[in-house]
Amino acid sequence: MKIICVGRNYIDHAKELNNPIPNSPLIFMKPSTALLLDGKPFYIPYFSNDIHYELELVLKIKKNGKAITHEFASGYYDEIGLGIDFTARDVQDRLKSKGQSWELAKAFDYSACVGDFIPKGDLDLTSIHFQMKKGDDIVQDGNSADMIFSFDYLIHYISQFITLQTGDLIFTGTPAGVGKVTAGDQYTGILEGKTLLSCNIK
Ligand code: ZN
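Here is a short report on the structure shown in this document.

Reading guide: rules and limits
Residues numbered from 1 in each chain as written. Predicted model: local features only at pLDDT ≥ 70, side-chain atom pairs only at ≥ 80, totals over all residues. Heavy atoms only, no water. Helix = DSSP H or I, 4+ residues; strand = E, 2+ residues; numbered from the N terminus. Rg over C-alpha atoms; globule rule 2.2 N^0.38 Å. Buried < 20%, exposed > 50% of the residue type's maximum accessible area, 1.4 Å probe, protein only. Contact = heavy atoms within 4.5 Å. Areas by Shrake-Rupley, 256 points an atom, 1.4 Å probe, with all protein chains shown as cover. Pairing = 2+ DSSP bridges. Axes fitted to C-alpha atoms, helices over the stretch in contact; angles between N-to-C directions. Core = buried A, V, L, I, M, F, W, Y, C linked by side-chain atoms within 4.5 Å. Donors = N, O, S within 2.8 Å, 3.2 Å for Na, K, Ca; no water. Polar contact = N/O pair within 3.5 Å; in protein donor to acceptor, adjacent residues only side chain to side chain.

### Details of the overall build of the protein chain
Consideration 1: What the protein chain contains, in helices and strands, is four helices and 14 strands.
Consideration 2: For 202 residues, the compact-globule formula gives about 17 Å, and the C-alpha radius of gyration of the protein chain, at 16 Å, lands near that figure.
Consideration 3: For the protein chain, the proportion of its 202 residues judged to be buried stands at 50%.
Consideration 4: Considering only contacts in the protein chain between residues 6 or more positions apart, those separated by 24 or more positions represent 76%.
Consideration 5: As displayed, the protein chain has an accessible area near 9200 Å², and 50% of this comes from carbon and sulfur atoms.

Structure (structure tokens):
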């Protein structure tokens, strides 16, 4: 399986990092070795002093597809969950300043924490409310209504370049409120009031 991620898909997050609003999706990938399953702790890696959490809605691809039309895209996923796109912001800033690829800041081991999934039929896809809690505080509060590119458009767009396969995950971008993690932090991802993900930082 592979993990395909979308950058800057919420205007408020693009603005908080002083990035331009994209006119086509910004895509990057994480390898299968990035997967951190729900409930497992995240260990801060030695190569970064500025790991950020980014809570995102995640689509689970249910069948293989290539060059999927927008019209048929919704048939390629049945389940939606939450994930944390852990990002080494200091590494990313260093690479960006040199005009280099972000890969090492995003694709490192255990950088993709993935929680439980729920059937998409239980949700209004155009308005999915999700929140990240750090301890008892809500630090991110997002809604799929604020995405620049919709789930179906992302599947259509990505599959023109990359064949989607059963079990692949698409991280659909983070809303504003990203921040630095510290050892001892406890994060909880909540989707429409249901806790789908928890991750402790070590
Ligand atoms: Zn992200």
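### Some thoughts on the sheet that holds strand β9 (residues 129-134)
Consideration 1: Taking strand neighbours across the sheet as the criterion, the four strands line up as β10-β9-β13-β14 in an open arrangement whose pairing is antiparallel. Strands at the two margins of the open sheet, each flanked by one partner only, are β10 (137-143) and β14 (194-200). Here the strands of the sheet are splayed against their neighbours by 15° on average, with no regard to which way each runs.
Consideration 2: Direction of pairing for β9 relative to strand β13 (residues 186-191): antiparallel, over a ladder of five bridges. In the strand pairing of β13, glutamine 131 is matched with isoleucine 190.

### Regarding the nonpolar core
Consideration 1: By size, the foremost hydrophobic cluster in this structure holds 45 residues, and its most contacted members are Leu57, Ile80, Ile84, Phe86, Ile155, Ile170 and Leu191.
Consideration 2: The contacts of isoleucine 155, once residues within four sequence positions are left out, are Leu59, Ile61, Ile68, Ala73, Tyr77, Leu164 and Ile170.
Consideration 3: Core analysis: the second largest hydrophobic core is formed by 11 residues, Phe28, Ala34, Val114 and Leu169 among them.

### As for the coordination of the zinc ion
Consideration 1: Every protein donor of the zinc ion is listed here as Glu54 (OE), Glu56 (OE) and Asp85 (OD), and their distances to the metal cover 1.9 to 2.1 Å.
Consideration 2: Sequence spacing of the donors to the zinc ion: E-x1-E-x28-D.
Consideration 3: Look at glutamate 56 and you get buried, because its relative accessible area is 1%.

### Observations regarding the side chain of aspartate 85
Consideration 1: With respect to the helices and strands, aspartate 85 occurs in strand β6 (residues 77-85).
Consideration 2: Polar side-chain contacts of aspartate 85 include one of 2.8 Å to the side chain of lysine 30.
Consideration 3: The contacts of aspartate 85, once residues within four sequence positions are left out, are Phe28, Lys30, His52, Tyr53, Glu54, Glu56, Lys106, Ser111 and Phe171.

### Considering the pairing of β6
Note on strand geometry: in a regular strand, side chains alternate between the two faces of the sheet.
Consideration 1: Most of β6 is tucked away, with seven of its nine residues classed as buried.
Consideration 2: By the bridge criterion, seven bridges tie strand β5 (residues 55-61) to β6 in an arrangement that is antiparallel. Paired with lysine 60 across the bridge in β6 is glutamate 79.

### Let's talk about the sheet that holds strand β11 (residues 169-171)
Consideration 1: Strand order in the open sheet made by the seven strands is β2-β1-β11-β5-β6-β8-β3, with mixed pairing throughout. The sheet is open, and its two borders are formed by β2 (26-30) and β3 (35-37), each paired with just one other strand. Neighbour to neighbour, the strand axes of the sheet diverge by 35° on average, direction disregarded.
Consideration 2: Pairing analysis gives six bridges linking β6 to strand β8 (residues 112-119), with the strands arranged antiparallel. Note on β8: the bridge partner recorded for glycine 83 is valine 114.

### Digging into the side chain of aspartate 185
Consideration 1: Within the secondary structure, aspartate 185 is located in the loop between β12 (179-180) and β13.
Consideration 2: Aspartate 185 gets classed as buried once you look at its relative accessible area, which sits at 12%.
Consideration 3: At 2.8 Å, the side chain of aspartate 185 and the backbone nitrogen of threonine 182 are in polar contact.
Consideration 4: A polar side-chain atom of aspartate 185 sits 2.8 Å from a polar atom in the side chain of tyrosine 187.

### Looking at unusual backbone geometry
Consideration 1: Look at arginine 8: it is not a glycine, yet its phi comes out positive at around 55°.
Consideration 2: The topology assignment puts arginine 8 in the loop between β1 (3-7) and α1 (11-16).
Consideration 3: Here glutamate 192, not a glycine, exhibits a phi torsion of approximately 45°, which is positive.
Consideration 4: Overall, glutamate 192 belongs to the partly exposed group, its relative accessible area being 41%.

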